[in-house]
Amino acid sequence: MTDRLCTVLLYSDDQQVRDRMRMAVGTRPAPGLQIEFVEASTYAETIRLVDDYEIDLLLLDGEASPGGGIGIARQIKDDRDDSPPTCLVIARAADRWLAAYAEVDATLVHPLDPVTTGGTVAELLRTHAPA
């Protein structure tokens with residue numbers, strides 16, 4: 001059995017946050033899944049990558065500025081019928097209501113726990129696997 005190669009887009013205006021997200025997910029979050037990462041540091045760059053490439057999962061920083069992950073998630077969900085699954089990383093668990101407004105598929109809270117993060121990403125990729 002070969003691993004399914006999935007592309008995960010990491011969005012944050014902060015390189016250190018993107019690095020922490022990458023480390024928390026890892027390149028093999030679960031058996032049968034292999035991850036390659038693409039990165040975006042701006043709102044416009046994120047939208048362009050989603051439009052131009054086959055992205056399997058969006059991992060968005062809800063604390064990014066000036067364009068936050070919440071706004072990006074909502075725009076992509078509104079604009080595309082085939083939007084990839086989206087996971088929003090928030091600073092406070094109380095902000096989950098904002099994630100619900102943005103129609104994200106999952107939320108994670110800073111600081112990222114590698115076990116929880118890898119499991120969440122693997123579950124989203126398996127649940128939303130292409131037919």
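The sections below set out a description of the structure shown in this document. Predicted, not measured: the structure shown is a model, and the values here were computed from it.

**Thoughts on the pattern of salt bridges**
Link 1 in the chain: Using the criterion set out here, one finds 10 salt bridges in the structure.
Link 2 in the chain: The closest approach of N and O atoms between Arg18 and Glu39, which form a salt bridge, is 2.7 Å. Of this pair, Arg18 sits in helix α1 (residues 15-25) while Glu39 sits in strand β2 (residues 33-40), and the two are 21 residues apart along the sequence.
Link 3 in the chain: Notably, a salt bridge pairs Asp19 with Arg22, separated by 3.0 Å at the nearest N-O pair. Residue Asp19 and its partner Arg22 are both found in helix α1; the two are separated by three residues, about one turn of the helix.
Link 4 in the chain: On the basis of relative accessible area, Asp19 is assigned to the partly exposed category, the value being 30%.
Link 5 in the chain: Judged by its relative accessible area of 24%, Arg22 is partly exposed.

Procedures and definitions
Within each chain, residues carry numbers counting from 1 in the order of the written sequence. Where totals are concerned, whole chains, interfaces and linings use all residues; where local detail is concerned, this predicted model gives features only for residues with pLDDT of at least 70, and gives and counts side-chain atom pairs only at 80 or more. Note that the side-chain values use all heavy atoms of the structure and ignore hydrogens as well as water. Each salt bridge in this description consists of a side-chain nitrogen of Lys or Arg and a carboxyl oxygen of Asp or Glu lying within 4 Å of one another. Each helix is a run of DSSP H or I of at least 4 residues and each strand a run of E of at least 2, with the numbering of both proceeding from the N terminus. Note on exposure labels: buried denotes an accessible area under 20% of the residue type's maximum, exposed denotes more than 50%, and partly exposed covers the range between, all computed with a 1.4 Å probe on protein chains only.

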